[in-house]
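So the chains spell out like this:
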Amino acid sequence: MNKNIISLENINVSFDGEQILNNLSLDIRDKEFVTLLGPSGCGKTTTLRLIGGFLQPDGGNIRFEGNIINGIPPFKRNVNTVFQRYALFPHLNVFENIAFGLKVKKFPDREIQSRVAEMLELVNLRGFEKRSIDRLSGGQQQRIAIARALVNEPKVLLLDEPLGALDLKLRKEMQTELKRIQQSLEITFIYVTHDQEEALTMSDTVVVMNNGDIQQIGSPVDIYNEPKNAFVADFIGESNILNGMMVKDLLVEISGHQFECVDTGFGTNKPVDVVIRPEDIKLVNPDEAKLSGVVQSVTFKGVHYEMLIEAYDHDWLVHSTKAAETGSTVGITFDPYDIHIMNKM
Ligand SMILES: Nc1ncnc2c1ncn2[C@@H]1O[C@H](COP(=O)(O)OP(=O)(O)O)[C@@H](O)[C@H]1O
Ligand SMILES: [Mg+2]
């Protein structure tokens, strides 16, 4: 496991008397692709601005390779940022845009030439040096913004929703590109998005945030399969979240029926949140299941059908490759290990 390159320690930030980050602590390891994921307004950009040096915390420390860097200005940090709006210089061509930072630092022309060429190669835009910015597509502009940030050879690249303005197909392509670039350069990427699918496909580690708090840190698989609370479960994927009662270890009551599960340590007769993924539910004959309900809707989604089943006090979301009939009564079943028990928030 690599050592920490960036650590946030008990960071507090408030704006206009409102607490935005609450005692936030986070370690980011060298060469990792880390994604801050959470709904709009949860504090993702604020966290990036702290790391980039564009904002100072009210309390707490920011460390880079172990050393406190509070108060060190952005250009003296070994960190570069790609913003949501690329902010390329419209009156400069591609070469001049990428070379800008190196010229300011008075690099020799020869080195600037070779570094810019290398960067254009990296982002698959070889030969674009003389193009003007307004003759580039959105995707190409984004690549130039990435090249411009990487030409400074930062150890850490911060990316704030960099693909937000691109259409879906291009966004998918760029996700793969960015991952390839990160792996080939072997540097740390700290990526911000509110798009859970993007976070799960690209990251080594996902940090799920809500209201200025970290909800869970883990690999995409861990976050998806073992969400720590109902917020994470809901945000990470469409889920059925039910009120349940933990009767005792390995036994949970849902909608008046008891089900075996694999969870322990929640106490006895304790109210809990129960999460069951739509793809983990099997529809069977009503007489083969404890729970049954009436099919409200069936929608074809390309790979699976999405169905809503009304049963007792809950509309169950179900994904299946087989469609049930709207209006019919079906039995709802799931396996013990597909029941996820969570403490109520
Ligand atoms: N400069 C600022 N002044 C006042 N409030 C701010 C400022 N920047 C961010 N905020 C507030 O802080 C909260 C978190 O913002 P932000 O970090 O941009 O969220 P995210 O990037 O997750 O959408 C929001 O409620 C936002 O309105
Ligand atoms: Mg933001």
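See the structure above.
Report on the accompanying structure.

Reading the values: the criteria
- Residues numbered from 1 in each chain as written.
- Chains lettered and ligands numbered in written order.
- Predicted model: local features only at pLDDT ≥ 70, side-chain atom pairs only at ≥ 80, totals over all residues.
- Heavy atoms only, no water.
- Core = buried A, V, L, I, M, F, W, Y, C linked by side-chain atoms within 4.5 Å.
- Buried < 20%, exposed > 50% of the residue type's maximum accessible area, 1.4 Å probe, protein only.
- Helix = DSSP H or I, 4+ residues; strand = E, 2+ residues; numbered from the N terminus.
- Contact = heavy atoms within 4.5 Å.
- Polar contact = N/O pair within 3.5 Å; in protein donor to acceptor, adjacent residues only side chain to side chain.
- Salt bridge = Lys/Arg side-chain N within 4 Å of Asp/Glu carboxyl O.

The nonpolar side chains of a soluble globular protein tend to be buried with one another. Counting residues in hydrophobic clusters, the biggest one holds 36 residues, and the most contacted among them are Val94, Ile98, Ile144, Leu150, Leu157, Leu178 and Phe189. When residues of this core are traced back to their parent elements, those giving at least two are helix H2 (94-104), helix H3 (109-122), helix H4 (138-150), strand S7 (156-160), helix H5 (168-185) and strand S8 (188-193). Here this core takes 6 residues from H4, the largest share from any one element. Discounting residues that sit within four places of it in the chain, leucine 157 has contacts with Asn80, Val82, Ala149, Leu150, Ile187, Thr188, Phe189 and Ile190. Ranked by size, the runner-up nonpolar core spans 26 residues in total, among them Ile5, Ile11, Leu24 and Val34.

So, about H2. Residues of H2 that are buried: Val94, Phe95, Asn97, Ile98, Ala99 and Leu102. Those residues of H2 hidden inside the fold are in contact with H3 and H4. Regarding H2, its N-cap is asparagine 93, as a side-chain oxygen of that residue lies 3.1 Å from the backbone nitrogen of phenylalanine 95 further along. A positive backbone phi angle near 60 degrees is found at lysine 106, which sits one or two residues after H2.

This part covers the pattern of salt bridges. A complete count under the given rule lists 15 salt bridges for this structure. Taking the shortest distance from any N to any O, the salt bridge between glutamate 9 and arginine 63 comes out at 2.9 Å. On the criterion of sequence distance, the pair formed by glutamate 9 in strand S1 (residues 4-15) and arginine 63 in strand S4 (residues 59-64) is long-range, its members being 54 residues apart. Here glutamate 9 falls in the partly exposed class, since its relative accessible area comes to 27%. Given a relative accessible area of 24%, arginine 63 falls into the partly exposed group. Residues arginine 115 and glutamate 153 are paired through a salt bridge, measuring 3.8 Å at the closest nitrogen-oxygen approach.

Let us now look at the side chain of asparagine 229. Inspection of the secondary structure puts asparagine 229 in the loop between helix H7 (220-225) and helix H8 (230-236). A relative accessible area of 11% places asparagine 229 in the buried class. Within polar-contact distance, the side chain of asparagine 229 engages the side chain of glutamine 215 at 3.0 Å. Side-chain polar atoms of asparagine 229 contact the backbone nitrogen of valine 232, separated by 2.9 Å. Excluding its chain neighbours within four sequence positions, the residues that come into contact with asparagine 229 are Gln215, Met342 and Met345.

Read these as geometric descriptors, not functional statements.
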